[in-house]
Amino acid sequence: MDDFESSRRGFMRKLGLTLGASLVVGSAEVNATVIDKKEKFPLSAEQHKFMEQYETWMDEFIVVIRRQRTHPEDIANNKKIIDLSEQSKAWQQQLVNYMKDENFARYYMAASERMTKEIA
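Residues numbered from 1 in each chain as written. Predicted model: local features only at pLDDT ≥ 70, side-chain atom pairs only at ≥ 80, totals over all residues. Heavy atoms only, no water.

Draft legend 1. Representation of the overall build of the chain within the structure. Each helix and strand counted, the chain has 5 helices and 0 strands in total. Each helix (α) and strand (β) of the chain, taken in turn from the N terminus, gives the series α-α-α-α-α. Split into buried and exposed, the 120 residues of the chain put 42% on the buried side. For the chain, the share of sequence-separated contacts (at least 6 apart) that also reach a separation of at least 24 residues comes to 77%. (Helix = DSSP H or I, 4+ residues; strand = E, 2+ residues; numbered from the N terminus. Buried < 20%, exposed > 50% of the residue type's maximum accessible area, 1.4 Å probe, protein only. Contact = heavy atoms within 4.5 Å.)

See below:
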């Protein structure tokens with residue numbers, strides 16, 4: 001298992017724990033670490049649309065993670081975390097399928113890097 005695959009699996013484990021769900025990702029043969037910008041990995045139109053939605057969701061999730069760290073008793077924020085976690089369940093299977101594509105997996109990891117830093 002190379003560094004990219006290890007990093008991807010670690011991130012998925014963290015994301016699954018944070019969202020209250022585990023993502024099972026098919027293995028992809030990957031030979032490099034995630035150091036490139038996401039723009040270097042071409043996506044299909046469908047994958048691109050998914051990532052636009054995911055990045056919007058991720059932006060919202062980062063805000064509630066930050067708020068939760070400073071105000072863990074904030075009931076409205078905690079409800080928002082639950083709502084966003086539930087929302088993510090609707091697209092988990094689609095994400096699992098997309099992660100089988102090496103370009104998508106690398107793009108996803110590059111895009112998700114900032115959220116990884118927030119939940120680590």
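From this point, things continue past the structure.
Draft legend 2. How the structure looks around helix 2 (residues 45–70). Under the 1.5 Å per step criterion, the end-to-end length of helix 2 is 38 Å for 26 residues, consistent within 8% with the ideal 38 Å. Gln47, Phe50, Met51, Tyr54, Glu55, Trp57, Met58, Phe61, Ile62, Val64 and Ile65 are the residues of helix 2 that are buried. (Expected span 1.5 Å × (residues − 1).)

Draft legend 3. A look at the side chain of Ser85. Tracing the sequence through the fold places Ser85 in helix 3 (residues 75–89). Engagement of the side chain of Ser85 in a polar contact is seen with the backbone oxygen of Ile81, the distance being 2.8 Å. (Polar contact = N/O pair within 3.5 Å; in protein donor to acceptor, adjacent residues only side chain to side chain.)

Draft legend 4. Structural view of the packing of aromatic side chains. Within the structure shown, the criterion is met by 10 aromatic pairs. Between the aromatic rings of Trp57 and Phe61, the centroid separation amounts to 4.9 Å while the plane-to-plane angle is 15°, which identifies the pairing as stacked. Highlighted residues: Trp57 and Phe61, both in helix 2, separated by 4 residues, approximately one helical turn. Phe61 carries the same exposure label as Trp57, and that label is buried. For the ring pair Phe104 and Tyr108, a centre distance of 6.1 Å and an interplane angle of 25° mean the geometry is stacked. Residue Phe104 and its partner Tyr108 are located together in helix 5 (residues 102–119), separated by 4 residues, close to a single helical turn. Residue classification places Tyr108 among the buried residues on the basis of a relative accessible area of 0%. (Phe/Tyr/Trp six-rings, centres within 6.5 Å; stacked < 30°, edge-to-face > 60°.)

Draft legend 5. Examining the packing of helix 2 against helix 5 more closely. Two elements in contact, helix 2 and helix 5, have axes separated by 9 Å at closest approach and are oriented at 10°. Taken as axis vectors, helix 2 and helix 5 run roughly parallel relative to one another. Its residues assigned to classes, the contact of helix 2 with helix 5 comprises 14 nonpolar, 3 polar and 6 charged. (Axes fitted to C-alpha atoms, helices over the stretch in contact; angles between N-to-C directions. Parallel < 35°, antiparallel > 145°, perpendicular 65-115°, else oblique. Nonpolar A, V, L, I, M, F, W, Y, C, P; charged D, E, K, R; others polar.)

Draft legend 6. Just helix 5, in detail. The end-to-end C-alpha separation of helix 5 is 24 Å, in line with the 26 Å expected for 18 residues at 1.5 Å each. Helix geometry: helix 5 is bent most strongly at Glu113, by close to 50°. (Bend = angle between axes of the 7 residues up to and from the residue.)

Draft legend 7. Region of interest: the packing of helix 2 against helix 3. In contact at an axis separation of 9 Å, helix 2 and helix 3 are set at 150° when each is read in the N-to-C sense. Judged on the interaxial angle alone, helix 3 and helix 2 are roughly antiparallel. For the pair helix 2 and helix 3, the sense of crossing is left-handed. Judged by residue contacts, Trp57, Glu60, Phe61, Val64, Arg67 and Gln68 of helix 2 engage Asn77, Asn78, Lys80, Ile81, Leu84, Ser85, Gln87 and Ser88 from helix 3. (Left-handed = near helix turned anticlockwise from the far one by under 90°.)

Draft legend 8. Examining the confidence of the model for the chain more closely. Looking at the chain, pLDDT values average 76 and 67% of them are 70 or higher. Across residues 17–35 the pLDDT falls below 50, and counting only partners more than four positions away or on other chains, this stretch makes 47 contacts in the model. (pLDDT = per-residue confidence, 0-100.)

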